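Okay, here's what each chain looks like letter by letter:
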Amino acid sequence: MQFKDIVGQRDVINRLTEIIDSGRVSHAQLILGPTEDGSLQMALAYLQYLCCTDRQHHTTGDLRADSCGTCPSCKKISQLMHPDLHLFFPNAANSRVKKDPSCAEFQQEFHDFVLEHNGLATLDDWYESLGIENKQGLINVRDAADIVQSLSLKSYEGGWKMVVVWMAEKMNDQTANELLKTLEEPSPGTVILLVAESDERLLETIRSRVQTVRLVPTGSSRDTALAEQFGPMLVAWLRLLFKLKMKELSNQVETMAALGREQQKLFLQYTLGVMRGCFLSSAAGIPYSIGSGDEKFDAMFPRMITQENIEAIEQALSEAIFAIERNAYSKIALMELSFRMSKALKKK
Ligand SMILES: [Zn+2]
């Protein structure tokens, strides 16, 4: 997970990378915000940056720095295979583990789950995937013992020893109390990230021992965050689809392909949403604003999406998303998409 894969939160991210670069890493932190807003993504991107051996500092764009994504450490963390990274999460007995459930029993399931959802799924999704039916998950005292234990071991790779506790509010009092000493006096070279959606259910004794990183709520404003992030790129691309000047279009596709797979998918999903909004506006008069930041374009463009072309556009975008998910060569997939979109747009 790289910071660039997170929607919005640029100020939070830039502050975090600055702190890491200055070497003032706090050993116990609470990352506070809904999973949908990227709180687990933030924890994973944070650790990846912390351990990256080739941190990238940018002079352009909205992120001052990011992990490289390609060094051995980045690869291991992004695949959740780093031997010094330990993940803890709410769990309960299911049809396979009938007695004394603990995180240790569900590591593989949880890793697969996080990777599959790119760190964005909710607690309910996790419970469903775990198949615990109506039981409530818990981070229990067995897990607390494992957290303490995993931080007391020697680091395998000689670097940071890292613990992420997802949904830390699911620790019961006993678990939380077991962790107090570790949070207060962590052994050197350790970093513990508690990830929680709300700090109300965390014991005051825990809250006072961690440094809190509060995400900016996106929620319904997720669309706004996406528009801010991708609006200018979408407008530039759509303009070129009308003109169809090959050299400029090819450069634009190059820029889009450089986003990386997850961001490309997000961009195309955002585009799909915009196209549907535009269609509802032109066909049914439902007010819709693209919010791209380019007022002239926002006023003109929705009229271009009509009954004549919406289906072809939706299909082209969905197929491109599918191709990118299936690891197709993005530049080709995006170029083919550009031609199909261009053709459809001229059919209004
Ligand atoms: Zn790296």
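Computed from a prediction, not measured in an experiment: that's the story for all the values here.

1. Let's talk about the overall build of the protein chain
Turning to step 1, where the next piece is worked out: A tally of regular secondary structure across the protein chain gives 14 helices and 7 strands.
Turning to step 2, where the next piece is worked out: Split into buried and exposed, the 348 residues of the protein chain put 38% on the buried side.
Turning to step 3, where the next piece is worked out: Taking all contacts inside the protein chain whose residues are at least 6 apart in sequence as the whole, residues at least 24 apart take part in 75%.

2. Focus: the nonpolar core
Turning to step 1, where the next piece is worked out: By size, the foremost hydrophobic cluster in this structure holds 90 residues, and its most contacted members are Ala43, Phe88, Val164 and Val195.
Turning to step 2, where the next piece is worked out: Of the residues forming this core, the biggest block, 10 residues, is contributed by helix α2 (residues 39-51).
Turning to step 3, where the next piece is worked out: Mapping this core onto the domain boundaries places at least three of its residues in each of domain 1 (3-217) and domain 2 (221-345).
Turning to step 4, where the next piece is worked out: When residues no more than four places from it in sequence are discounted, the contact partners of Val195 are Ile31, Ser39, Leu40, Ala43, Val164, Val165, Trp166, Met167 and Ala168.

3. Comments concerning the pairing of strand β1 (residues 28-32)
Turning to step 1, where the next piece is worked out: Counting buried positions along β1 gives 5 out of 5 residues, so the element sits mostly inside the fold.
Turning to step 2, where the next piece is worked out: On β1, burial covers both faces: Ala28, Leu30 and Leu32 on one face and Gln29 and Ile31 on the other are all buried.
Turning to step 3, where the next piece is worked out: Relative to strand β7 (residues 211-214), β1 runs parallel, the two being bridged by 4 bridges. Across the sheet, the residue bridging to Leu30 is Thr212, located in β7.

4. Side note on the packing of helix α13 (residues 310-325) against helix α14 (residues 330-345)
Turning to step 1, where the next piece is worked out: In contact at an axis separation of 9 Å, α13 and α14 are set at 175° when each is read in the N-to-C sense. When the axis of α13 is compared with that of α14, the two are roughly antiparallel. Contact residues: α13 offers Ala312, Ile313, Ala316, Leu317, Ala320, Ala323 and Ile324, while α14 offers Ser330, Ala333, Leu334, Leu337, Arg340, Met341 and Ala344.

5. Considering the domain arrangement of the protein chain
Turning to step 1, where the next piece is worked out: Partitioning the protein chain into structural domains gives domain 1 (3-217) and domain 2 (221-345).
Turning to step 2, where the next piece is worked out: The distance between the C-alpha centroids of domain 1 and domain 2 comes to 34 Å.

6. Some words on unusual backbone geometry
Turning to step 1, where the next piece is worked out: One non-glycine residue, Gln9, lies in positive phi territory at about 60°.
Turning to step 2, where the next piece is worked out: Residue placement: Gln9 occurs in the segment before α1 (10-21).
Turning to step 3, where the next piece is worked out: The phi dihedral of Asn118 falls on the positive side, at around 55°, and the residue is not glycine.
Turning to step 4, where the next piece is worked out: Topologically, Asn118 is positioned in the loop between α4 (107-116) and α5 (123-130).

7. A closer look at the packing of helix α10 (residues 246-257) against α14
Turning to step 1, where the next piece is worked out: Where α10 meets α14, the closest approach of the two axes is 9 Å, and the angle between their N-to-C directions is 130°. Taken together, the axes of α10 and α14 lie oblique to each other. For the crossing formed where α10 meets α14, the hand is right-handed. Of the residues in α14, those in contact with Leu249, Val253, Glu254, Met256 and Ala257 of α10 are Ser330, Lys331, Leu334, Met335 and Ser338.
Turning to step 2, where the next piece is worked out: Partitioned by chemical class, the residues of the contact of α10 with α14 number 6 nonpolar, 2 polar and 2 charged.

8. Focus on the sheet that holds strand β6 (residues 190-196)
Turning to step 1, where the next piece is worked out: In spatial order, the strands read β4-β5-β6-β1-β7; together these 5 strands make up an open sheet with parallel pairing. Looking at strand neighbours, the two that pair on one side only are β4 (85-88) and β7, the edges of this open sheet. Averaged over all pairs of adjacent strands, the angle between their axes in this sheet comes to 20°, without regard to strand direction.
Turning to step 2, where the next piece is worked out: Here β1 runs beside β6; their pairing, made up of 5 bridges, is parallel. Within β6, the position partnered with Leu32 by the bridge is Ala196.
Turning to step 3, where the next piece is worked out: In the packing of helix α6 (residues 141-152) onto the sheet, contacts are made with β4, β5 (161-166) and β6, and the angle to β5 comes to roughly 160°.

9. What to know about the environment of Leu85
Turning to step 1, where the next piece is worked out: Mapped onto the fold, Leu85 is located in strand β4.
Turning to step 2, where the next piece is worked out: According to the C-beta neighbour criterion, Leu85 is buried, with 20 such atoms within 10 Å.
Turning to step 3, where the next piece is worked out: Between the C-alpha atoms of Leu85 and Ser155, which are 70 residues apart in sequence, the distance is 9.7 Å.
Turning to step 4, where the next piece is worked out: Residues in contact with Leu85, not counting those within four places in the same chain, are Leu47, Ile77, Leu80 and Met162.

10. Let's talk about the pairing of β5
Every regular strand shows the same layout, with side chains that alternate between the two sheet faces.
Turning to step 1, where the next piece is worked out: Most of β5 sits inside the fold, with 6 of its 6 residues counted as buried.
Turning to step 2, where the next piece is worked out: Alternating positions in β5 separate into two faces, Lys161, Val163 and Val165 on one and Met162, Val164 and Trp166 on the other, with burial throughout.
Turning to step 3, where the next piece is worked out: With 4 bridges connecting them, β4 and β5 associate as parallel partners. Paired with His86 across the bridge in β5 is Val163.
Turning to step 4, where the next piece is worked out: The parallel pair β5 and β6, bridged by helix α7 (residues 173-184), forms a crossover whose chirality is right-handed.

Cut-offs used in this document
- Residues numbered from 1 in each chain as written.
- Predicted model: local features only at pLDDT ≥ 70, side-chain atom pairs only at ≥ 80, totals over all residues.
- Helix = DSSP H or I, 4+ residues; strand = E, 2+ residues; numbered from the N terminus.
- Buried ≥ 20, exposed ≤ 12 C-beta atoms within 10 Å, placed from the backbone.
- Contact = placed C-beta atoms within 7 Å.
- Core = buried A, V, L, I, M, F, W, Y, C linked by C-beta atoms within 7 Å.
- Domains from an automatic or database assignment.
- Pairing = 2+ DSSP bridges.
- Axes fitted to C-alpha atoms, helices over the stretch in contact; angles between N-to-C directions.
- Parallel < 35°, antiparallel > 145°, perpendicular 65-115°, else oblique.
- Left-handed = near helix turned anticlockwise from the far one by under 90°.
- Nonpolar A, V, L, I, M, F, W, Y, C, P; charged D, E, K, R; others polar.
- Right-handed = clockwise from strand over helix to strand, strands pointing away.

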